[in-house]
Amino acid sequence: MLFSPKGIAFVLAGSVAIITTAFLSLIKDTPGSALFVAFSIAFASSFLLFYFSLEFLVFREINKIFTVIDKVKKKDFKLPRKQIVIDTNPLKRLNEEIFAYATRKQQEIDELKKLENFRKEFLANVSHELKTPIFAAQGFIHTLIDGAIDDKSVRDKFLDKAAKSLDGLDALVKDLLTLSQMETGDIKMHYEKFDIGHLTSDIFEQLEEKAEAKRVQLKFDKKMSVPVWAYADRHRITQVMTNLIDNAIKYGREEGKVLVSFDSDKEHLIVSVKDDGPGIEPEHLKRIFERFYRIEKSRSKEQGGTGLGLAIVKHIIEAHRSKVSVTSKMGKGTTFSFKLEKGDNK
Ligand SMILES: Nc1ncnc2c1ncn2[C@@H]1O[C@H](COP(=O)(O)OP(=O)(O)O)[C@@H](O)[C@H]1O
Ligand SMILES: [Mg+2]
């Protein structure tokens, strides 16, 4: 009540009337009735004056502002309207509402800024990654045109290098396309029942040469019993397993071992890919799923990596409503694992 226009007008009018009467009482011999009349007139006229000016000039306008803020808030945040408490100070309430609104907006702006930075960084990375192989291939081809083509051994070497650069470019563009399709939701998962043990042996065969070059053994866990039925997108899981096994070979140690195992709990199949390589330091471990994140940039590139492999793995596993986890011990090795739905009863 105190902060309603009436309350404020009452207090102010009272003060004006008291001051006026007090002054009047200083004049000698003023009769009591005159003081009373003066008090009443001063009180009544100032009350009306204060009341109408507060009501029409201040409070109505403040209420209009409230209504507008309310509409914006509802539209922006879909917040339920807070109950208006009639006798709290409207200016304080206005202040609080504006503050709350500004805080929400600031959060939104921060979020947008973060996304903007992410976009900029991504664009810079993509351009850089595309530039490198194009630049290399361009260099080799121009050198050939400028005369190196006449020397047979140089020609073959340069053509081979140009082809390798273009293969890298092809892999990069394919990975980028997969990532973007996964993000826009263009790729739907096609669930089916398949033997993931068999699928893994196929991948072992494909990567055999690469493994042999480093004298790495590709193995299954001894406990495994075939078949191992999974219910998932076969094609996408092939991509995941290829990436993880390929990484284990590339970043594992020479003469090392890559072990794939399948465990299960009630509803899920737990797939793990383990290597006995140098391991990943904790500060890198958090970031290896980011796009283009590589620990040793030069080493990874020379191994033919795009830096997008694990980002794609993460996307695919999340599309299966699951998560990839990674544990690593320096000097001992790294294990990537994820859960899939079991396929036995499908
Ligand atoms: N098994 C592993 N052991 C050690 N480091 C790894 C392993 N797997 C991945 N990494 C690190 O994570 C980075 C990202 O992997 P990935 O996204 O597959 O990119 P890429 O294979 O193209 O380099 C690699 O560059 C490597 O530094
Ligand atoms: Mg990889």
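Remember, it's a predicted structure, so these values are computed and weren't measured experimentally.

Trainee: Sorry if this is basic, but what is going on with the overall build of the protein here?
Mentor: Secondary structure assignment for the protein yields ten helices and seven strands. Its C-alpha atoms give the protein a radius of gyration of 38 Å, clearly above 20 Å, the size a compact globule of 346 residues would have. Dimensions along the principal axes, computed over C-alpha positions, put the protein at roughly 125 × 65 × 40 Å. In the protein, the share of contacts with a sequence separation of at least 24, taken over all contacts with a separation of at least 6, comes to 74%. Side-chain charges in the protein split into 56 positive and 49 negative, and the spacing between the mean points of these groups amounts to 6 Å.

Trainee: Sorry, what's going on with the UniProt feature "transmembrane region" (unreviewed entry) in the protein here?
Mentor: Within this structure's numbering, the places UniProt gives as "transmembrane region" (unreviewed entry) are residues 7-27 and 33-54. The annotated region residues 7-27 carries 95% helix and 0% strand content, and the separation between its end C-alpha atoms amounts to 31 Å. Between the end C-alpha atoms of residues 33-54 the distance is 31 Å, and the span holds 100% helix and 0% strand.

Trainee: Just to check I follow, could you spell out the layout of surface pockets for this structure?
Mentor: If a probe the size of a water molecule is rolled over the atoms, the empty space left behind becomes visible. Taken as a whole, the second largest pocket holds about 480 Å³ of empty space. Residue lining of the second largest pocket: 21 residues in total, with F118, F289, E290, R291 and F292 positioned closest to the centre. Top contributing element to the lining of the second largest pocket by residue count: helix α3 (residues 90-145), with six residues. Its residues assigned to classes, the lining of the second largest pocket shows six nonpolar, three polar and twelve charged. Split by domain, the lining of the second largest pocket shows at least three residues from each of two domains, domain 2 (114-184) and domain 3 (191-342).

Trainee: So what exactly am I meant to see when it comes to the environment of I69 here?
Mentor: Locating I69 in the fold gives a position in helix α2 (residues 32-77). Looking at I69, the relative accessible area reads 12%, which means it is buried. A C-alpha to C-alpha distance of 51 Å links I69 and L26, two positions 43 residues apart in sequence. Apart from the residues within four sequence positions on either side, I69 is in contact with L94, E97 and I98.

Trainee: How should I be thinking about unusual backbone geometry in this particular structure?
Mentor: Apart from glycine, the bulk of residues carry a negative phi angle, and the bulk of peptide bonds sit in the trans form. Note that the residue after V226, namely P227, is joined by a cis bond; omega there is -10°. Tracing the sequence through the fold places P227 in the loop between β2 (217-220) and β3 (229-233). Of note, E255 is a non-glycine position whose phi angle comes to about 60°, a positive value. Of note, E255 is situated in the loop between α7 (234-251) and β4 (257-264).

Trainee: Explain the side chain of S337 here, please?
Mentor: Structurally, the position occupied by S337 is in strand β7 (residues 333-342). If we ignore the near neighbours within four places in the chain, the residues touching S337 are V271, S272, K323, V324 and S325.

Quick notes on the rules
- Residues numbered from 1 in each chain as written.
- Chains lettered and ligands numbered in written order.
- Predicted model: local features only at pLDDT ≥ 70, side-chain atom pairs only at ≥ 80, totals over all residues.
- Heavy atoms only, no water.
- Helix = DSSP H or I, 4+ residues; strand = E, 2+ residues; numbered from the N terminus.
- Rg over C-alpha atoms; globule rule 2.2 N^0.38 Å.
- Contact = heavy atoms within 4.5 Å.
- Lys, Arg positive; Asp, Glu negative; His and termini not counted.
- Charge placed at Lys NZ, Arg CZ, Asp CG, Glu CD.
- UniProt positions renumbered as here; feature names shortened; annotations may be inferred.
- 1 Å grid on protein atoms, 1.4 Å probe; cavity = no way out; pocket = protein on both sides within 12 Å on 5 of 7 lines; lining within 4 Å.
- Points joined across faces, edges and corners; volume = space filled by probe spheres on them.
- Nonpolar A, V, L, I, M, F, W, Y, C, P; charged D, E, K, R; others polar.
- Domains from an automatic or database assignment.
- Buried < 20%, exposed > 50% of the residue type's maximum accessible area, 1.4 Å probe, protein only.

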